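Coordinate inspection notes
Here are the chains, one letter per residue:
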Amino acid sequence: DSPQQLLEGPPDLKSILINLSSLLLIVLPFAIYYDYERLKFHLGIVGSSFLIAVLIPPFGWMRPHPYSDMDGNRKIFGTKHDRPPTKNKSETVQQ
């Protein structure tokens, strides 16, 4: 696979969960404004969504990508998790 194909692949589960958690955080003030009685419920939903997003492999807060310098921060779910092929300096481009 070319590096471009690795970038254009389907989004991984962790990226989707980070996006969903961020959306819930943006909606949180509106939910609190319209339903203040259930404040702990709304805070629990947002907090647990971020906790799940952090615990999904690769563990941590960073969004995985194929060009990561850290071995544990590559895409796992939905895409290939190996490094993109790199060209050796000794290889020459044949025309």
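Placed above this text is the structure.
A brief report on the enclosed structure follows. What you are looking at is a predicted structure, and each value in this text was computed from that prediction instead of being measured.

A look at the pattern of salt bridges
- Applying the stated criterion to the full structure yields one salt bridge.
- Residue Arg-38 is joined to Asp-35 by a salt bridge in which the shortest nitrogen-to-oxygen separation is 3.7 Å.

A closer look at helix α3 (residues 39-55)
- With 17 residues, α3 extends 24 Å from end C-alpha to end C-alpha; this agrees with the ideal 24 Å at 1.5 Å per step.
- Along α3, the positions that sit buried rather than exposed are His-42, Val-46, Ser-49 and Ala-53. Viewed end-on, α3 has its buried residues packed into an arc of 60°, placing them on one side of the element. When the buried face of α3 is taken as reference, the exposed residues oriented beyond 90 degrees from it are Lys-40 and Leu-51.
- Lining the buried residues of α3 we find α2 (13-34).

A few points about the packing of aromatic side chains
- Evaluation of the coordinates by the stated rule reveals one aromatic pair.
- An angle of 85° between the planes, with centres 5.0 Å apart, marks the rings of Tyr-33 and Tyr-34 as edge-to-face.
- The class of Tyr-33 is exposed, set by a relative accessible area of 66%.
- Sitting above the plane of the Phe-41 ring, Arg-38 keeps its charged end 4.6 Å from the centroid.

Here we look at α2
- Over its 22 residues, α2 extends 31 Å from the first C-alpha to the last, a length consistent with the 32 Å expected when each residue adds 1.5 Å.
- Elements that come into contact with the buried residues of α2 comprise α3.

Re the side chain of Ser-49
- Locating Ser-49 in the fold gives a position in helix α3.
- Polar contacts involving the side chain of Ser-49 include one to the main-chain carbonyl oxygen of Val-46, which spans 2.7 Å.

Some details on the packing of α2 against α3
- Packing of α2 against α3 leaves a shortest axis separation of 9 Å and a crossing angle of 165°. As summarised for this structure, α2 and α3 are arranged roughly antiparallel, according to the angle between their axes. For α2 against α3, the interelement crossing comes out left-handed. Each of Lys-14, Leu-17, Ile-18, Ser-21, Ser-22, Leu-24, Leu-25, Leu-28, Ala-31 and Ile-32 in α2 lies in contact with α3, whose residues at this interface are Leu-39, His-42, Leu-43, Ile-45, Val-46, Ser-49, Phe-50, Ile-52, Ala-53 and Val-54.
- The residue inventory of the contact of α2 with α3, partitioned by class, reads 15 nonpolar, four polar and one charged.

The rules we used
- Residues numbered from 1 in each chain as written.
- Predicted model: local features only at pLDDT ≥ 70, side-chain atom pairs only at ≥ 80, totals over all residues.
- Heavy atoms only, no water.
- Salt bridge = Lys/Arg side-chain N within 4 Å of Asp/Glu carboxyl O.
- Helix = DSSP H or I, 4+ residues; strand = E, 2+ residues; numbered from the N terminus.
- Expected span 1.5 Å × (residues − 1).
- Buried < 20%, exposed > 50% of the residue type's maximum accessible area, 1.4 Å probe, protein only.
- Arc of directions from axis to C-beta.
- Contact = heavy atoms within 4.5 Å.
- Phe/Tyr/Trp six-rings, centres within 6.5 Å; stacked < 30°, edge-to-face > 60°.
- Lys NZ or Arg CZ within 6 Å of the ring centre and 35° of its normal.
- Polar contact = N/O pair within 3.5 Å; in protein donor to acceptor, adjacent residues only side chain to side chain.
- Axes fitted to C-alpha atoms, helices over the stretch in contact; angles between N-to-C directions.
- Parallel < 35°, antiparallel > 145°, perpendicular 65-115°, else oblique.
- Left-handed = near helix turned anticlockwise from the far one by under 90°.
- Nonpolar A, V, L, I, M, F, W, Y, C, P; charged D, E, K, R; others polar.

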